[in-house]
Amino acid sequence: MATWHGYFAVENINLNTTQRQTLIAELRALGPASDPQPARLNHWRTRTDNEAAIFEALFNENALTIQTFKDRLGVIFGVDPSTIGHTVNQVTFDTLPTPVVVFSRSGTNYLRFAAFGGVGATWPDSGDECRAYIKANQGEWES
Amino acid sequence: MTQSHVALQKLCPVQYDYASKMLSMKPLAYWPLWEAPAVPLPAATDISANGNDAAYTGVTLGYPGIGDGRTSAHYDGANDYTNIISAGFIPLWNWSAYTVLVWMNVAAAVWIDGLNHSLMRLSNAAVTSIWDIRIDAVNNTIRYYVKHGGAAQDEVNFVTGAETVFVPVAMTVDESVGTGEMKCYYNGAQAGTTQIGIAGGAGNPSIAVIGAENLVPTWPFLGQLAHAALWDRVLTPAEIAELSVV
């Protein structure tokens, strides 16, 4: 099992309340049950409008693949995951590209997912990209 | 040095350390933030006589410390904080007179990143009585902030030398003085001028955090923090100066 200590964000686009809560509950359960370092245990920060969150932990890489997210959304929607589409854009917030994935179905976008620096980036690099993203969007993330 | 501090050093010269100096001044709460990584996850131990431990979220333990042979905790400026609210701590808090002290170490970029980074903050539920100390979004500035009883706040915005080594930061508030004084300290010396007119602090602490504004967390600190302590009295300038050296 390959693991990755890094930061990712999810942003709700058109999930309803129940769907959003189901997804968040599942994402909050990712990561190790125990670790000597608090930084590697799953913890998160919620955007001030409660429609996005940033997670950090020592994640199982398989839990953060596009297919895994489609599987999750398939369960949430009660549909075949193969009916869920996606697009990927690379966005650089500091120095490294961050893949930003938008999941959709039947022409409607539902969820945005971004693994800062890309899964496999070092923890410091992922943190730099995450902090740069927060800085660029501080009006939405800071009080 | 205080008499108890001198006595302690004479009795235990080998075991004497910075923490002993802090404890000799009888803090209300004292979280050195020096735990080593471990399973089960350690609490942020309160080594004062009151023993109200705090809870780490997301920090990285075991970073280099202030030079006392101990370590510090690193906060990532994204989603780390230490929650010091506990059932035991809440009834101890006294708005009429208090002292806050914590050591911080940040990289040069943090001083000019245009973001707020809270060192420590405490407020009641209605957010009508608050204090906080933060690296401000204004370059190279520490902001000390107090609001009691919903009244006009007092703040000191102190322009620092943008230090990139451990620096002690402290603040005292004393409503009992006729003028209701707030004094701020940076690296052992008073920062800015004494503010007056502090009065009416009330309400149990509802949010009390090391390394962020709240538990969201907003204003997350980016860098190392160590030796966070609170007193239910006003430390003198001489005491602050003594605690500002290792």
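Residues numbered from 1 in each chain as written. Chains lettered and ligands numbered in written order. Predicted model: local features only at pLDDT ≥ 70, side-chain atom pairs only at ≥ 80, totals over all residues. Heavy atoms only, no water.

Account for the layout of surface pockets, naming residues and giving values.
Put simply, the largest pocket is a space of about 520 Å³. Taken together, 29 residues form the lining of the largest pocket, with D128(A), R131(A), D76(B), V110(B) and L222(B) sitting closest to its centre. The leading source of residues in the lining of the largest pocket is helix α3 (residues 123-136) of chain A, at eight residues. Tallied by class, residues from the lining of the largest pocket come to 13 nonpolar, eight polar and eight charged. When its volume is computed, the second largest pocket comes out at roughly 160 Å³. Lining the second largest pocket are 15 residues, and of these R20(A), I24(A), N50(A), A52(A) and A53(A) sit closest to its centre. Mapped by element, the contributors of at least two residues to the lining of the second largest pocket are β1 (3-12), α1 (17-28) and β3 (52-60) of chain A. With four residues, the single largest contributor to the lining of the second largest pocket is α1(A). Taken together, the residues that form the lining of the second largest pocket break down as eight nonpolar, three polar and four charged. (1 Å grid on protein atoms, 1.4 Å probe; cavity = no way out; pocket = protein on both sides within 12 Å on 5 of 7 lines; lining within 4 Å. Points joined across faces, edges and corners; volume = space filled by probe spheres on them. Helix = DSSP H or I, 4+ residues; strand = E, 2+ residues; numbered from the N terminus. Nonpolar A, V, L, I, M, F, W, Y, C, P; charged D, E, K, R; others polar.)

So, α3(A): which residues are in play, and what are the values?
Between its first and last C-alpha, α3(A) extends 20 Å over 14 residues, near the 20 Å set by a 1.5 Å rise per residue. For α3(A), the complete set of buried residues consists of S126(A), G127(A), E129(A), C130(A), R131(A), A132(A), Y133(A) and I134(A). (Expected span 1.5 Å × (residues − 1). Buried < 20%, exposed > 50% of the residue type's maximum accessible area, 1.4 Å probe, protein only.)

Describe the sheet that holds strand β14 (residues 205-210) of chain B, naming the residues involved and giving the relevant values.
Residue and element names in this part refer to chain B. Read from one edge to the other, the open sheet built from seven strands follows the order β2-β5-β14-β7-β8-β9-β10, with strand pairing classed as antiparallel. At either margin of the open sheet sits one strand with a lone partner, and together these are β2 (55-57) and β10 (154-159). Going across the sheet, the axis of each strand differs from the next one's by a mean of 15°, ignoring polarity. Relative to strand β5 (residues 81-83), β2 is paired through three bridges, and the arrangement is antiparallel. From the neighbouring strand, T57 faces β5, where its bridge partner is Y81. (Pairing = 2+ DSSP bridges. Axes fitted to C-alpha atoms, helices over the stretch in contact; angles between N-to-C directions.)

Can you explain the interface of chain A and chain B? Please cite residues and give values.
If you look at the interface, chain A gives 24 residues, while chain B gives 26 residues. Buried surface at the junction of chain A and chain B, both sides included, amounts to about 1900 Å², of which 56% is carbon and sulfur. The largest share of the area that chain A buries against chain B comes from P38(A), R45(A) and R131(A), three residues that together contribute 26% of it. On the surface where chain A and chain B come into contact, there are zero salt bridges. Those elements that place two or more of their residues in the side of chain A that touches chain B are β2 (43-46), β3, α3 and α4 (138-141) of chain A. Taken together, the residues that form the side of chain A that touches chain B break down as twelve nonpolar, six polar and six charged. (Contact = heavy atoms within 4.5 Å. Buried area = accessible area lost by both parts, 1.4 Å probe. Salt bridge = Lys/Arg side-chain N within 4 Å of Asp/Glu carboxyl O.)

Hey, could you go over the pattern of salt bridges for me, with residue numbers and the actual values?
All names here are of chain A. Here the structure, examined in full by the defined rule, presents 16 salt bridges over all chains. Between R72 and E26 there is a salt bridge; the shortest N-O distance is 2.8 Å. Here R72 is found in helix α2 (residues 66-77), whereas its partner E26 is found in helix α1, with 46 residues between them in sequence. For E26, a relative accessible area of 35% translates into the label partly exposed. The shortest N-O distance in the salt bridge between R47 and D49 comes to 2.9 Å. D49 gets classed as partly exposed once you look at its relative accessible area, which sits at 39%. When salt bridges with common partners are traced through the structure, they connect E11, R47, D49, R112 and E140 into a single cluster.

Account for unusual backbone geometry, with residues named and values stated.
Looking along the chain, the bond that leaves V39(B) and enters P40(B) is cis, with omega of 0°. By secondary structure assignment, the location of P40(B) is in the loop between β1 (29-31) and β2. A cis amide bond links V216(B) to the next residue, P217(B), at an omega of 0°. When you line up the elements, P217(B) lands in the loop between β14 and β15 (222-231). A positive phi is found at S106(A), a non-glycine position, where the angle reads about 50°. Within the secondary structure, S106(A) is located in the loop between β5 (97-105) and β6 (108-115). Of note in the backbone geometry, N140(B) takes a positive phi value of approximately 60° without being a glycine. Looking at the element boundaries, N140(B) is found in the loop between β8 (130-135) and β9 (141-147).

That's the geometry; what it means functionally is another story.
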